[in-house]
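Topology and contacts: notes
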Amino acid sequence: MSAASCLQSEDQFLCSICQDVFTDPVTTPCGHNFCKNCITEHWKSNDQYLCPICKKVFNTRPKLKVNTFISEKVSHSSEQQAAKPGEVPCDICKGTKLKALKSCLVCLASYCETHLEPHLTVSRIKRHQLIDPVENLEGRMCMKHDKPLELFCKTDQTCVCMLCSVLDHKTHEFVPLKEGYEGKKAELGKTGTEIQQMIQKRRLKIKEIKHSVDFTKEDADREKAEGVQVFTALKESVERSLNELIETIEEKQRTTEKQAEDFIKELEQEISELKKRSSEVKQLSRSEDHLHLLQNFSSLKAALPTKDWTEVSVRPSYEGTVVRAVTQLEETLSKEMKKLFEVELKRVQQYAVDVTLDPDTAHPNLILSDDEKQVNHGDVKKNLPDNPERFSDCINVLGKQSFSSGRFYFEVQVKRKTDWDLGVARESINRKGEITLSPHNGYWTIWLRNGNEYEALDDPPASVFLKSQPQKMGVFVDYEEGLVSFYDVDAAALICSFTGCSFTEKLYPYFSPGPNDGGKNSAPLIICPVNQTE
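Cut-offs and rules
- Residues numbered from 1 in each chain as written.
- Predicted model: local features only at pLDDT ≥ 70, side-chain atom pairs only at ≥ 80, totals over all residues.
- Heavy atoms only, no water.
- Helix = DSSP H or I, 4+ residues; strand = E, 2+ residues; numbered from the N terminus.
- Rg over C-alpha atoms; globule rule 2.2 N^0.38 Å.
- Contact = heavy atoms within 4.5 Å.
- Lys, Arg positive; Asp, Glu negative; His and termini not counted.
- Charge placed at Lys NZ, Arg CZ, Asp CG, Glu CD.
- 1 Å grid on protein atoms, 1.4 Å probe; cavity = no way out; pocket = protein on both sides within 12 Å on 5 of 7 lines; lining within 4 Å.
- Points joined across faces, edges and corners; volume = space filled by probe spheres on them.
- Nonpolar A, V, L, I, M, F, W, Y, C, P; charged D, E, K, R; others polar.
- Axes fitted to C-alpha atoms, helices over the stretch in contact; angles between N-to-C directions.
- Parallel < 35°, antiparallel > 145°, perpendicular 65-115°, else oblique.
- Left-handed = near helix turned anticlockwise from the far one by under 90°.
- Patch = residues over 30% accessible without salt bridge, like charges linked within 9 Å, V, L, I, M, F, W, Y side chains within 5 Å.
- Areas by Shrake-Rupley, 256 points an atom, 1.4 Å probe, with all protein chains shown as cover.
- Salt bridge = Lys/Arg side-chain N within 4 Å of Asp/Glu carboxyl O.
- Pairing = 2+ DSSP bridges.
- Core = buried A, V, L, I, M, F, W, Y, C linked by side-chain atoms within 4.5 Å.
- Buried < 20%, exposed > 50% of the residue type's maximum accessible area, 1.4 Å probe, protein only.
- Phe/Tyr/Trp six-rings, centres within 6.5 Å; stacked < 30°, edge-to-face > 60°.
- Lys NZ or Arg CZ within 6 Å of the ring centre and 35° of its normal.
- Expected span 1.5 Å × (residues − 1).

Before going further, it helps to examine the overall build of the protein. A tally of helices and strands in the protein yields nine helices and 24 strands. For a compact globule of 534 residues, the expected C-alpha radius of gyration is about 24 Å, and the protein comes in at 54 Å, more than 25% above that figure. A principal-axis box enclosing the C-alpha atoms of the protein has dimensions of 190 × 85 × 40 Å. Intrachain contacts of the protein at a sequence separation of at least 6 include 55% that bridge at least 24 residues. Put simply, the protein has 71 plus and 82 minus side-chain charges, and the middle of one group is 8 Å from the middle of the other.

Attention now moves to the layout of surface pockets. Roughly 1200 Å³ of volume is contained in the largest pocket. Along the walls of the largest pocket sit 36 residues, with Arg-222, Glu-223, Glu-344, Arg-347 and Arg-407 positioned nearest its centre. Where the lining of the largest pocket is concerned, the elements lending two or more residues are α7 (177–285), α9 (321–349), β20 (472–478), β21 (483–488) and β22 (493–498). Of the residues that constitute the lining of the largest pocket, the class distribution is 16 nonpolar, eight polar and twelve charged.

Taken N-terminus to C-terminus, the directions of α7 and helix α8 (residues 290–302) make an angle of 160°; their axes are 11 Å apart at the nearest point. One element, α7, and the other, α8, form an angle in the roughly antiparallel class. The interaxial crossing formed by α7 with α8 has left-handed handedness. Where α7 approaches α8, its residues Arg-277, Glu-280, Val-281 and Leu-284 are matched on the opposing element by His-292, Leu-293, Asn-296, Phe-297 and Leu-300.

Taken together, the side chains of Leu-163, Val-166 and Leu-167 define a hydrophobic patch exposed on the protein surface, amounting to about 260 Å² of accessible area. For Leu-167, the position within the fold is in helix α6 (residues 162–167).

If you trace the three strands from one edge of the open sheet to the other, you get β2-β1-β5, paired in antiparallel fashion. Taken across any chain shown, the strands that pair with only one partner, and hence form the sheet edges, are β2 (33–35) and β5 (65–66). One ladder, built from three bridges, connects strand β1 (residues 25–27) with β2; its direction is antiparallel. Note that in β2 the partner of Thr-27 across the bridge is Asn-33. Together, β1 and β2 form the strand contacts of helix α2 (residues 36–44), whose direction differs from that of β2 by roughly 90°.

Turning our attention to the packing of α7 against α9. At their nearest, the axes of α7 and α9 sit 10 Å apart, and the two run at 165° to each other. With respect to their mutual orientation, α7 and α9 come out roughly antiparallel. The crossing of α7 and α9 is right-handed. Across the interface between the two elements, Glu-223, Glu-226, Val-230, Leu-234, Ser-237, Val-238, Ser-241, Leu-245, Thr-248, Ile-249 and Lys-252 of α7 pack against Thr-321, Val-322, Arg-324, Ala-325, Leu-329, Thr-332, Leu-333, Glu-336, Leu-340 and Arg-347 of α9. Looking at the contact of α7 with α9 residue by residue, the classes come out as ten nonpolar, five polar and six charged.

Time to look at the nonpolar core. By size, the foremost hydrophobic cluster in this structure holds 36 residues, and its most contacted members are Trp-420 and Phe-511. Those residues within four positions of Trp-420 in sequence are excluded, and the remaining contacts are Val-414, Ile-446, Trp-447, Leu-448, Arg-449, Tyr-454, Met-473, Ser-512, Pro-513 and Leu-525.

By the criterion of burial, strand β17 (residues 443–449) is predominantly enclosed, with five of the seven residues buried. Where strand β16 (residues 420–426) meets β17, six bridges bridge the pair, whose relative direction is antiparallel. Residue Gly-423 lies in a different strand from β17, and its bridge partner there is Thr-445. The turn linking β17 back onto strand β18 (residues 453–456) is made up of three residues, and Asn-450 within it adopts a positive phi angle of 60°.

This part covers the packing of aromatic side chains. Across all of its chains, the model carries ten aromatic pairs by this definition. The structure contains a cluster of three or more aromatic residues connected by ring pairs, namely Trp-444, Tyr-479 and Phe-503. A cation over a ring is seen here: Lys-307 above Trp-309, with NZ or CZ 4.1 Å from the ring centre. In this arrangement the basic side chain of Arg-449 is found over the ring face of Trp-447, its NZ or CZ atom lying 3.7 Å from the centre.

For the rest of this paragraph, the subject is α7. Two residues of an α-helix separated by three or four positions point the same way, owing to the 3.6 residues in each turn. In this model, α7 (109 residues) spans 153 Å end to end at C-alpha, consistent with the 162 Å of a helix rising 1.5 Å per residue. Every buried residue belonging to α7 is among Gly-180, Val-230, Leu-234, Ser-237, Ser-241, Leu-245, Thr-256, Ala-260, Phe-263, Glu-270, Arg-277 and Leu-284, and all of these are buried.

In this section: the sheet that holds β21. The strand order across the open sheet formed by seven strands is β12-β13-β24-β15-β20-β21-β22, and the pairing between neighbours is antiparallel. On the outer flanks of this sheet lie β12 (366–368) and β22, each paired with one strand and no other. Averaged over all pairs of adjacent strands, the angle between strand axes in this sheet comes to 20°, irrespective of strand direction. When strand β15 (residues 407–413) meets β20, the two strands line up antiparallel, connected through seven bridges. Looking across to β20, one finds that Phe-410 is bridged to Val-475. In this fold α9 packs onto β15, β20, β21 and β22, with an angle of close to 110° to the strand it touches most, β15.

No statement about biological role is implied by the geometric values presented.
Structure below.
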């Protein structure tokens, strides 16, 4: 069956009135076929019983016969599925478009089961390449030459037609579409494998993150418990100190009141005695007996009270009571704080890393030890290559190790030094010329100047006041948290912290031993092993 005959046979299943597939097909006496409802309505709307095809007129309304052949054919056709939204429709179907089973890359058309038959039976078109149905078959034609895209240009990685290979890509390397397809399919297989591996890695990362969340929850619960314990202890300590202060003041008041009562009692006794003597004095003064007055005068005068009440006072001194209580509380709190800092220091020491100095970054005046753990300033400037990593003017050096995530901690001995800088710096810092240390310029540092002047080099710098000079400094960084903290290791005290930092680059440990200063500052900075005491 040819494609034309197939098309013709399809027309036989269409009603000439509604132009759609027959519904209840019937035949008129003149032999033409219509939908039963279509021909009935047609005759109702006309004055004559006229055949719409041959124009034959019937005197009386003809008797219609059911066309069983067409009914069976239409029934078979309707069993085929109509194309749904998103599915490729048959390009040949008229009226209701059936779902295409195949697309032909030669005909550039898609066919349903019925219209596909010639491609399966006619010898001259059986060789056409059929594929699963696709839309936009025009996209498989060369836009420039209107020829099928049959070759793959490996040079330009694009599909071309035969004319393209001769005219526009004549020096390029070509392979048939099938070969290019197989090559790309193999690449897709690798890509698919890589994607699956990436998916697996991300699933593992999700699992790791969920696991981390569980750990952080445990950490949070532990921190809350410790916080509640510490602050409860501090609260109890404050309340106890307040109660002791109130008790001290009230005890003083009770003592004062008791003392006042005793004084009043004693004074009242003396008043009673004095009243008695006053009565005796009056009586004696009225006596006319010379001898009696002289004999009793001395004994009467001698019996008078002799205590001097001028300096007696009952006002207790409360001055300094509160100050002493607060001072004592401060000492208690300082002890508790020291315990907390000791715990905190032990915690950050768990993130200790092995840091060594990078000679490629060291200023030419700096002297590094063979193990790259010590640095001090030398008076002689070495002749070293001025590579981009090296500090040219400032006597600085960076660590070899870089960090772009997580937490890390290291310790540096600063004993016997009067001048030094310590901290971390981002990878892109300026290393040439004069440098201003600040977070804005990529430095998170603290320094010592003149033996006792400490500054946290923030924006702007802030002075740091310490009770004693640190002999060993600890530097802790939490990359994700944006935290840089400095500790006095021996005192187990937090000196200062940079918080809310935004790290987007690698961070390097940063060191400057300061100038030699005629030997006053000759001691080296020493990177020490971290002693994680229990």
